[in-house]
2 protein chains.
Amino acid sequence: MSKRSIVAQEEQGGSKESAKGILSSVGRRATSQRTLLLELIREAQGHLDAPELYRLAREKDPRISLSTIYRNLSMLKAMGFINELHFAEEHHHYEIKPQAEHFHLLCVRCGHVIEFESPLTESLKAELTKRHGFTITSTAIDLAGFCPDCRGE
Amino acid sequence: MSKRSIVAQEEQGGSKESAKGILSSVGRRATSQRTLLLELIREAQGHLDAPELYRLAREKDPRISLSTIYRNLSMLKAMGFINELHFAEEHHHYEIKPQAEHFHLLCVRCGHVIEFESPLTESLKAELTKRHGFTITSTAIDLAGFCPDCRGE
DNA sequence: GTACTTGCAAACTGTTTGCACATCA
DNA sequence: TGATGTGCAAACAGTTTGCAAGTAC
């Protein structure tokens, strides 16, 4: 498995189509801005923050506004279509909500993010549920360090 | 192990003394504000954010300013005495840097935080180091859900 | 046509900074 | 006494909101 192994993208199909489907399934209108935003998040090989999505969006639609980006990101989050990530930074990053739960390994030098899954995380959750009686609803595991390329520096 | 099991506080001793020791060990002056701040973070049974620490600090020293809180929090963080936590929220929480690495289990309803350690986390790190060639420098594991008391609701 | 969305500008929140005064070593 | 630290106010960054105009259904 290469270290560039971002978890495979959803089989594309027609992303505009699926954007429309996703939105109408929750009674939201499929505006061009929303379709564009969903495409960008889906295509993005990384995990983008709002200003970055704004920058990309303006390349395709120069009239789009930053508040539209924010409004739609929180709508998509509320609807459960995307995840908001909180690395050890001030702002948020977004990703399409993955089918399988996964976690993040961030290179603090080049910013590259690797997603991973591990059976150990399930064991951890089970252990905690048993030990503390919690009903666990969300799990964030974010490790950071230097990737093989940046370790030399 | 009770569910109120916040990891035991450092054997206190004299917290003012140790504050002074901590600060002078890195060539920083032990001002009353810093001593107070360190005491508050140490005493706090939870993980407080800056505005909360400010509120508490003003009860003891009404003239203290919020920027002093921020300045000293980032100094203490830079010196490695405290950790900055990023739950899935906008602002930061702080805790005295623990001897043993530990992680967090947050109740989303009452805000109660349980700290835990688990050998599984070491296995996870080892697995990732091996699989992706990373040198891991920081690990954040934050789970959230409902604690036994709040689960009924 | 009408309710939902957008763009814009202005407001807000958490945090940082410049500067004159105060204080610890 | 001189470097370090504080308080205050003003600046910032990221994000949210009110409102009039625009658009999907």
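Residues numbered from 1 in each chain as written. Chains lettered and ligands numbered in written order. Predicted model: local features only at pLDDT ≥ 70, side-chain atom pairs only at ≥ 80, totals over all residues. Heavy atoms only, no water.

Attention now goes to the sheet that holds strand S4 (residues 113–116) of chain A. Here six strands make up an open sheet; going across it, the order is S4(A)-S3(A)-S5(A)-S5(B)-S3(B)-S4(B) and the pairing mixed. Each end of this open sheet is capped by a strand with a single partner; those strands are S4 of chain A together with strand S4 (113–116) of chain B. For this sheet the average axis-to-axis angle between neighbouring strands, irrespective of direction, equals 20 degrees. (Pairing = 2+ DSSP bridges. Helix = DSSP H or I, 4+ residues; strand = E, 2+ residues; numbered from the N terminus. Axes fitted to C-alpha atoms, helices over the stretch in contact; angles between N-to-C directions.)

On to the protein's contact with DNA strand C. Lining the immediate environment of DNA strand C, one finds 21 residues, of which Thr31, Gln33, Thr68 and Arg71 of chain A together with Tyr70 of chain B sit closest. Considering the 4 Å shell around the protein, atoms of DNA strand C inside it are sugar or phosphate in 63% of instances. Take Thr31 of chain A: an N or O atom from its side chain is 2.8 Å from a phosphate oxygen of DNA strand C. Secondary structure elements with two or more residues in the surface near DNA strand C: helix H2 (32–43) and helix H4 (66–78) of chain A together with helix H4 (66–78) of chain B. (Near = heavy atom within 4 Å. Polar contact = N/O pair within 3.5 Å; in protein donor to acceptor, adjacent residues only side chain to side chain.)

Before going further, it helps to spend a moment on the interface of chain B and chain A. Each side of the interface is counted separately: chain B has 41 residues, and chain A has 41 residues. Taken over both partners, the interface formed by chain B and chain A buries close to 3500 Å², and the fraction arising from carbon and sulfur atoms is 64%. Between the two partners, chain B and chain A, sit zero salt bridges. In this structure, the connection of chain B to chain A is made through six residue pairs in polar contact (both at pLDDT 80 or more). Residue assignment for the side of chain B that touches chain A shows that the elements contributing at least two residues are strand S3 (103–107), S4, helix H5 (119–132), strand S5 (135–146) and helix H6 (148–151) of chain B. For the side of chain B that touches chain A, the element with the highest residue contribution is S5 of chain B, accounting for twelve residues. Of the residues contributing to the side of chain B that touches chain A, the split by class is 20 nonpolar, 13 polar and eight charged. Relative to S5 of chain B, strand S5 (residues 135–146) of chain A runs antiparallel, the two sharing eleven bridges. When the sheet's bridge partners are listed, Thr139 of chain A is paired in S5 of chain B with Leu143 of chain B. (Contact = heavy atoms within 4.5 Å. Buried area = accessible area lost by both parts, 1.4 Å probe. Salt bridge = Lys/Arg side-chain N within 4 Å of Asp/Glu carboxyl O. Nonpolar A, V, L, I, M, F, W, Y, C, P; charged D, E, K, R; others polar.)

As far as function goes, none of this settles anything; it's purely spatial.
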